[in-house]
Amino acid sequence: MGGYLSASMRLSELVGEYAVVARLAVRTVDRMRHDVARFKRLTVDAVENVRTIDAGTFAAFRLGAGHLSPRTVESTVDTVLTLLRFVAETRPHELPAVPSAGRRLRRGSPVPDVLSITDLDKAFGSRGVAVWPSRTGRPCGGRKASWWLGSTDEFWSVFFCLAYFTGGRLGDLVELRWSDIDGDAGVIGFGSSKTRKRHRLPYHPICRHWVEPLRQGATDRVLPMGRSSRHLLRREIRRISTAAGIRKPLGPQELRKVSAMAHELAHPGSSATLLGHALPSSSTKFYLDGFAVLTSASRRLAVPRSMIPDGMDPADTVHADELVDKFSRLSPRDRDVLLTMADTLTG
């Protein structure tokens, strides 16, 4: 190792020596040079000689680097410490010990840019700016071209509704068949494209309002779109998000997050069932009815205002569903008594 070393004790020159001995990549060497230049620029006396670096030097650097992020500051300190240790190991007579670098700055936890139901509301209201798919434009793709027979606005109404109310992945949504949606029973059932698990979800009344009018299509798939056209879908999502003033595009994965959060707020614990994740314990999985949990969450689920059709009040819809559910649980005798009382009161 000694054959590579010179008598230099300057930080900028030590980077070259250390790079040769440690066989660093060019990119790493460039980063270290930037760190050294930053350290020299932000210390009071433009420290260059490693003999003059002490704990006070690191404190002065941190004070002068207050405008930088903790990650950048500590990365620079680590680079300088690496060079000091290199000198201490190879020339201990020049630098007997490495000075203390002081207390490290805490790196702030990154705040995730999580989209909300308000962003979904904006996106659904701005879906009219989309230009794909169209009756006269490019097909939705696949080996055999599958044409979307509805309007562009209808496609995005269905896409956003299914993504929000089912929490499905993009692969689940594009493979969803009309045979998977039982409008009479109010159930949506499909197999996950990733885990192969079977999902059984309630068919929300507002989702039904936007989806059912398009049932009579040329294909059994609800959203007839092939893999070759998914880039077009993402392009239109960016277009819609920009028009809605959303900084982060509301893509399929973001819609899945919004759906999971809304279900969890409506009924704690329902998001795990919605996403198909493992429940906390096998006993919980055995005793809980996942469909009942999701149905309870669906009744309390917040709905974006732009999704609510004219003349439909989500509260009225939820109330009607609850009455139908309670009525179905009555015995035949109690149903007859209730109907007789209703006829008497309205007669």
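The preceding data block contains the structure.
Residues numbered from 1 in each chain as written. Predicted model: local features only at pLDDT ≥ 70, side-chain atom pairs only at ≥ 80, totals over all residues. Heavy atoms only, no water.

Q: When you look at the overall build of the chain in this model, what are you seeing that I'm missing?
A: The helix and strand tally for the chain stands at 15 helices and three strands. In the chain, which comprises 347 residues, the proportion classed as buried is 42%. A separation of at least 24 residues holds for 64% of the contacts in the chain among residues at least 6 apart in sequence. Looking at the chain as shown, the accessible area adds up to about 19,600 Å², and 54% of this sits on carbon and sulfur atoms. (Helix = DSSP H or I, 4+ residues; strand = E, 2+ residues; numbered from the N terminus. Buried < 20%, exposed > 50% of the residue type's maximum accessible area, 1.4 Å probe, protein only. Contact = heavy atoms within 4.5 Å. Areas by Shrake-Rupley, 256 points an atom, 1.4 Å probe, with all protein chains shown as cover.)

Q: Help me out: how do you make sense of the nonpolar core in this one?
A: Nonpolar side chains in soluble globular proteins tend to end up buried together. Counting residues in hydrophobic clusters, the biggest one holds 50 residues, and the most contacted among them are Trp156, Phe159, Phe160, Leu162, Phe165, Leu233 and Met307. The set of elements that each furnish at least two residues to this core consists of helix H5 (117-125), helix H6 (152-166), helix H7 (170-174), strand E2 (187-191), helix H8 (205-211), helix H9 (230-244), helix H10 (252-266) and helix H13 (290-300). With ten residues, the top contributor of residues to this core is H6. When sequence neighbours within four positions are dropped, the list of residues in contact with Leu233 reads Trp132, Phe155, Trp156, Phe159, Leu170, Met225 and Pro252. Ranked by size, the runner-up nonpolar core spans 26 residues in total, among them Ala19, Leu42, Val73 and Val77. (Core = buried A, V, L, I, M, F, W, Y, C linked by side-chain atoms within 4.5 Å.)

Q: I would appreciate a short explanation of the packing of aromatic side chains in the present structure.
A: In this description, a pair of aromatic rings is defined by centroid distance and the angle of the planes. Tallying each qualifying case throughout the model produces eleven aromatic pairs. The interplanar angle of 65 degrees and the centroid separation of 6.4 Å between the aromatic rings of Phe124 and Phe160 together place this pair among those described as edge-to-face. With Phe124 in helix H5 and Phe160 in helix H6, the pair connects residues that are 36 residues apart, well separated along the chain. Residue Phe124 is classed as buried on the basis of its relative accessible area, which comes to 0%. Phe160 gets classed as buried once you look at its relative accessible area, which sits at 1%. Where Trp156 meets Phe160, the ring centres are 5.9 Å apart and the plane angle is 40 degrees; that geometry is what we call tilted. With Trp156 and Phe160 both in helix H6 and four residues apart, the pair spans about one turn of that helix. Its end group placed over the ring of Phe124, Arg127 keeps NZ or CZ at 4.0 Å from the ring centre. (Phe/Tyr/Trp six-rings, centres within 6.5 Å; stacked < 30°, edge-to-face > 60°. Lys NZ or Arg CZ within 6 Å of the ring centre and 35° of its normal.)

Q: Got a minute to help me understand the pattern of salt bridges in this structure?
A: A side chain with one charge can pair with a side chain of the opposite charge if their charged atoms come near. The tally for this structure, following the rule as stated, stands at 14 salt bridges. Notably, a salt bridge pairs Arg51 with Glu94, separated by 2.3 Å at the nearest N-O pair. Residue Arg51 is located in the loop between helix H2 (26-42) and helix H3 (55-64), and its partner Glu94 is located in the loop between helix H4 (70-90) and H5; the two are separated by 43 residues in the primary sequence. By relative accessible area, which is 44% here, Arg51 ends up partly exposed. A salt bridge links Arg177 to Glu175, with the shortest nitrogen-to-oxygen separation between them at 3.7 Å. Three or more residues are tied together by salt bridges with common partners; here these are Arg31, Asp35 and Arg38. (Salt bridge = Lys/Arg side-chain N within 4 Å of Asp/Glu carboxyl O.)

Q: Would you take a moment to explain the pairing of E2 for this structure?
A: On a regular strand, each side chain points to the face opposite its neighbour's, so the side chains alternate between the two faces of the sheet. Most of E2 sits inside the fold, with four of its five residues counted as buried. In the sheet, strand E1 (residues 181-182) pairs with E2 via two bridges, with the strands oriented antiparallel. Its bridge partner being in E2, Asp182 is matched across the sheet by Val187. Hairpin geometry of E1 and E2 is characterised by an intervening segment of four residues between the two adjacent antiparallel strands and by a positive phi of about 70 degrees at Gly186. Counting the residues in the hairpin turn of E2 and strand E3 (residues 198-202) gives six residues, including Arg196, whose phi is positive at 65 degrees. (Pairing = 2+ DSSP bridges.)

Q: Just to check I follow, could you spell out the pairing of E3 for this structure?
A: Taken together, the five bridges between E2 and E3 define a ladder with antiparallel strand orientation. Following the sheet pairing, Val187 is matched in E3 by Pro202.

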